[in-house]
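What follows is each chain in one-letter form.
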Amino acid sequence: DAGITQSPRHKVTETGTPVTLRCHQTENHRYMYWYRQDPGHGLRLIHYSYGVKDTDKGEVSDGYSVSRSKTEDFLLTLESATSSQTSVYFCAISPGLAGVNEQFFGPGTRLTVL
Amino acid sequence: DAKTTQPPSMDCAEGRAANLPCNHSTISGNEYVYWYRQIHSQGPQYIIHGLKNNETNEMASLIITEDRKSSTLILPHATLRDTAVYYCIARGKNFGNEKLTFGTGTRLTIIP
């Protein structure tokens, strides 16, 4: 299995509080992604990174920010959590080498916003 | 990325081959077909990908029709651990933008 961990694995928080989720990889892969998964919607991309300090928005980026100060860490921040952000969040990595690049996913973080 | 269509659910008897279809009639010439699966509560897992030719690895086989408008993922001897949601994705080879678009997939249930 790819060396990818997420923390915390579970979190319950209240509306309006800031929340930061961490994705850590030991594969030295260039690309990192944050997805959310909700019933009936499949996985949707929030933000992704193509290198240290290089990030871009996905299809559901409103209300989220990201940072990548080191190759191995990609942080997802909810500045002021809302109940609509209750979801399961998955981090993924891919090498970004020439050719077809599969993505490897972390175990997920279940976030509940009350 | 081309749109893909999969049946919402399928059953397969344990030990039999599971054949999961995917329609991608608008696929373009440089788009690959990827398959991922997601076992309950876990992150998605890459299975296989292909462009034109049939492909096989330790997990599965991928059969792509000659016109590339559809494909079939084959799990040759399904086990209970293969119960999962299977996603078919069509996308181009693009090093600069590796985003995947997941649909709702096929829920495969392996029956003892």
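Each remark here, short or long, concerns the structure printed above.
Description of the structure in this document.

Reading the values: the criteria
Residues numbered from 1 in each chain as written. Chains lettered and ligands numbered in written order. Predicted model: local features only at pLDDT ≥ 70, side-chain atom pairs only at ≥ 80, totals over all residues. Heavy atoms only, no water. Helix = DSSP H or I, 4+ residues; strand = E, 2+ residues; numbered from the N terminus. Rg over C-alpha atoms; globule rule 2.2 N^0.38 Å. Contact = heavy atoms within 4.5 Å. Areas by Shrake-Rupley, 256 points an atom, 1.4 Å probe, with all protein chains shown as cover. Lys, Arg positive; Asp, Glu negative; His and termini not counted. Charge placed at Lys NZ, Arg CZ, Asp CG, Glu CD. Buried < 20%, exposed > 50% of the residue type's maximum accessible area, 1.4 Å probe, protein only. Salt bridge = Lys/Arg side-chain N within 4 Å of Asp/Glu carboxyl O.

### Side note on the overall build of chain B
So, point 1. A count of helices and strands for chain B gives 0 helices and 9 strands.
So, point 2. Each helix (α) and strand (β) of chain B, taken in turn from the N terminus, gives the series β-β-β-β-β-β-β-β-β.
So, point 3. A compact globule built from 112 residues would reach a C-alpha radius of gyration of about 13 Å, and chain B, at 13 Å, matches this within 12%.
So, point 4. Of the contacts made within chain B by residues no fewer than 6 positions apart, 57% connect residues no fewer than 24 positions apart.
So, point 5. As displayed, chain B offers around 5,700 Å² of accessible surface, 49% of which is attributable to carbon and sulfur atoms.
So, point 6. Here chain B contributes 11 positively and 10 negatively charged side chains, and the mean placements of these two sets differ by 4 Å.

### Digging into the side chain of Thr77 of chain A
All names here are of chain A.
So, point 1. In this fold, Thr77 is placed in strand S8 (residues 73-78).
So, point 2. Using a relative accessible area of 16% as the deciding quantity, one classes Thr77 as buried.
So, point 3. When sequence neighbours within four positions are dropped, the list of residues in contact with Thr77 reads Val19, Thr20, Gly63, Tyr64 and Ser65.

### Re the environment of Gly50 of chain B
Residue and element names in this part refer to chain B.
So, point 1. Secondary-structure assignment places Gly50 in strand S4 (residues 45-50).
So, point 2. We classify Gly50 as buried; its relative accessible area is 2%.
So, point 3. Taking the C-alpha atoms as reference, Gly50 lies 6.7 Å from Tyr34; in sequence the two are 16 residues apart.
So, point 4. Once residues lying within four places of it in the same chain are set aside, the contact partners of Gly50 are Tyr32, Val33, Glu55, Leu62 and Ile64.

### Observations regarding the pattern of salt bridges
Once the charged atoms of two side chains with opposite charge are near each other, the side chains can pair.
Residues and elements named next belong to chain A.
So, point 1. Scanning all chains against the criterion turns up 5 salt bridges over all chains.
So, point 2. In this structure, Asp73 engages Arg22 in a salt bridge whose closest nitrogen and oxygen atoms are separated by 3.1 Å. With Asp73 in strand S8 and Arg22 in strand S3 (residues 19-25), this pair connects stretches of sequence that are 51 residues apart.
So, point 3. When its relative accessible area of 8% is taken as the criterion, Asp73 is described as buried.
So, point 4. Between Asp38 and Arg44 there is a salt bridge, with its nearest N and O atoms 2.9 Å apart.

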